[in-house]
Amino acid sequence: MHELSIVSGIVESILDFVAKHQIRKVLDVRLTVGELTHLEAEQLRFCYTAMIEQTAIQGSTLEVEAVRAEVNCPHCSYQGPPKYWEEALAMAPVPTLQCPQCGKATEAIQGHECAIKSIKYVT
Amino acid sequence: MIPTIEASPEETYDIELEQSLLQANAKLAKENRAQLDHYNITAIDFMGAIGSGKTTLIARMVGKMKHQLNLAVFNGDATTVDDVNLIATQGVPTVQLATVNGCHLDANLVGKALLKIDLKTVDLIFIENIGNLICPAEFPLGSRSRVVVVSVTEGPYMVKKHPHMFLGADIVVINKIDLAEVMGVKVSDLTRDVHTLKPDIKVIPTSCKTGAGLDEVAAALLAAKGSRSDA
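This text gives an overview of the structure that appears in the document. (Residues numbered from 1 in each chain as written. Chains lettered and ligands numbered in written order. Predicted model: local features only at pLDDT ≥ 70, side-chain atom pairs only at ≥ 80, totals over all residues. Heavy atoms only, no water.)

### Let's talk about the overall build of chain A
Across its full length, chain A holds two helices and eight strands. Each helix (α) and strand (β) of chain A, taken in turn from the N terminus, gives the series α-β-α-β-β-β-β-β-β-β. Within the span of chain A, comprising 123 residues, buried residues form 45% of the whole. Of the contacts made within chain A by residues no fewer than 6 positions apart, 69% connect residues no fewer than 24 positions apart. Of the roughly 6200 Å² of accessible surface on chain A, a fraction of 50% belongs to carbon and sulfur atoms. (Helix = DSSP H or I, 4+ residues; strand = E, 2+ residues; numbered from the N terminus. Buried < 20%, exposed > 50% of the residue type's maximum accessible area, 1.4 Å probe, protein only. Contact = heavy atoms within 4.5 Å. Areas by Shrake-Rupley, 256 points an atom, 1.4 Å probe, with all protein chains shown as cover.)

### Structural notes on the pattern of salt bridges
Summed over all chains, the structure comprises 13 salt bridges over all chains. Notably, a salt bridge pairs Asp16(A) with Lys20(A), separated by 3.2 Å at the nearest N-O pair. Taken together, the residues Asp16(A) and Lys20(A), both in helix H1 (residues 2-20) and four residues apart, mark about one turn of the helix. By relative accessible area, which is 61% here, Lys20(A) ends up exposed. Among the ionic pairs, Asp118(B) bridges to Lys120(B), the shortest N-O distance being 3.9 Å. Judged by its relative accessible area of 39%, Asp118(B) is partly exposed. One network of salt bridges, in which partners are shared, links Arg33(B), Asp37(B) and Arg144(B). (Salt bridge = Lys/Arg side-chain N within 4 Å of Asp/Glu carboxyl O.)

### Details of the packing of H1(A) against helix H2 (residues 41-51) of chain A
Residue and element names in this part refer to chain A. Two elements in contact, H1 and H2, have axes whose closest approach is 9 Å; the angle formed by their N-to-C orientations is 50 degrees. On the basis of their axis angle, the class for H1 and H2 is oblique. Considering only the axes of H1 and H2, their crossing is right-handed. Contact with H1, carried on its side by Glu3, Leu4, Ile6, Val7, Ser8, Ile10 and Val11, involves Gln43, Leu44, Cys47, Tyr48 and Met51 of H2 and no other residues of that element. Partitioned by chemical class, the residues of the contact of H1 with H2 number nine nonpolar, two polar and one charged. (Axes fitted to C-alpha atoms, helices over the stretch in contact; angles between N-to-C directions. Parallel < 35°, antiparallel > 145°, perpendicular 65-115°, else oblique. Left-handed = near helix turned anticlockwise from the far one by under 90°. Nonpolar A, V, L, I, M, F, W, Y, C, P; charged D, E, K, R; others polar.)

### Thoughts on the sheet that holds strand E2 (residues 42-48) of chain B
All names here are of chain B. Pairing is parallel in the open sheet, where seven strands are placed in the order E4-E3-E5-E2-E6-E7-E8. Edge strands, defined here as strands with exactly one partner in the open sheet, are strand E4 (94-98) and strand E8 (202-205). On average, each strand axis in the sheet is inclined to that of its neighbour by 20 degrees, with strand direction left out of account. With four bridges connecting them, strand E7 (residues 171-175) and E8 associate as parallel partners. Bridging across to E8, Ile171 finds its partner in Lys202. Here helix H2 (residues 54-65) sits on the sheet and contacts E2, strand E3 (71-77), strand E5 (124-128), strand E6 (145-151) and E7; the angle it forms with E5, its principal contact strand, is near 165 degrees. Helix-sheet contacts for helix H4 (residues 107-114) involve E3, E4 and E5, and the interaxial angle to E4 is about 150 degrees. (Pairing = 2+ DSSP bridges.)

### A word on the sheet that holds strand E3 (residues 70-72) of chain A
Residue and element names in this part refer to chain A. The antiparallel open sheet is built from three strands, whose spatial order is E4-E3-E7. Only two strands of the sheet have a single partner each, and these edge strands are strand E4 (79-80) and strand E7 (107-110). Pairing between E3 and E7: three bridges, direction antiparallel. From the neighbouring strand, Glu70 faces E7, where its bridge partner is Gln110.

See below:
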């Protein structure tokens, strides 16, 4: 449950933000989460709802926006979406670091994000 | 009943924050790395499931390398000190990183462990992460190389089931190969799965029981000590 560590970071940041500004109520917190992170949107939302009880931001919702992975191949200069492993046992195809064009190792340039993108509140 | 305030559109604010949540750990990991580099120390992070053989592998590596290099071992363990004792009997400095209920080590804990050893007298640190194939991947520690240990006793689908862990690894050790036949697991299939995810990863089949592959692991760890790549 590393989602719990991440969510406690979110809640701490938002409470800190609320304490420093004239805010009556936080409505909505938007996260961007990369495809290459191991974070489950459903678990993030569940942890969030559990953690904000009895706090100043109780009742606010967490929205999770997915960021697709992008890779760059140093061998053939390919840049774009990764190759997906279709036969993997996951619910959805798994992104790999194999180049879709030449099959060699690529580097991820996008997909590791985990950030609070924006916060919607009432003053 | 909790009173609810419905906002009218004109008093609703929507502001951009762009605040990275993994940044705090990543920053501490960078600080650890800078400190390690300053003392010319390489740290190697061992990850893998419970019972994959991380501790035994580290113990074997300590046995092989302690006469060449000054080693230290950090053992992440949720509660017990059994693992750290196994290493400590070999006479190298060890630090127990007890996460209590935490499922991964983080850079903050490793930074604290660095204060417990004399950095001037250490060349290479092995960090044993918590037995878990999912959570540790998101938390870099400041190590130069990340090793994932899987064993054939975890079954034929280990790699397919936990693909994310391998994307961030530099070396994969497939352990307990002496049991592969009994388990009906093909080491070549596991190797192929790892390379499907990341073609340039080094895969080393080992058995800590027979000693197979252990020299190759030691050589790979020494190569990681020599390299300048980031982990």
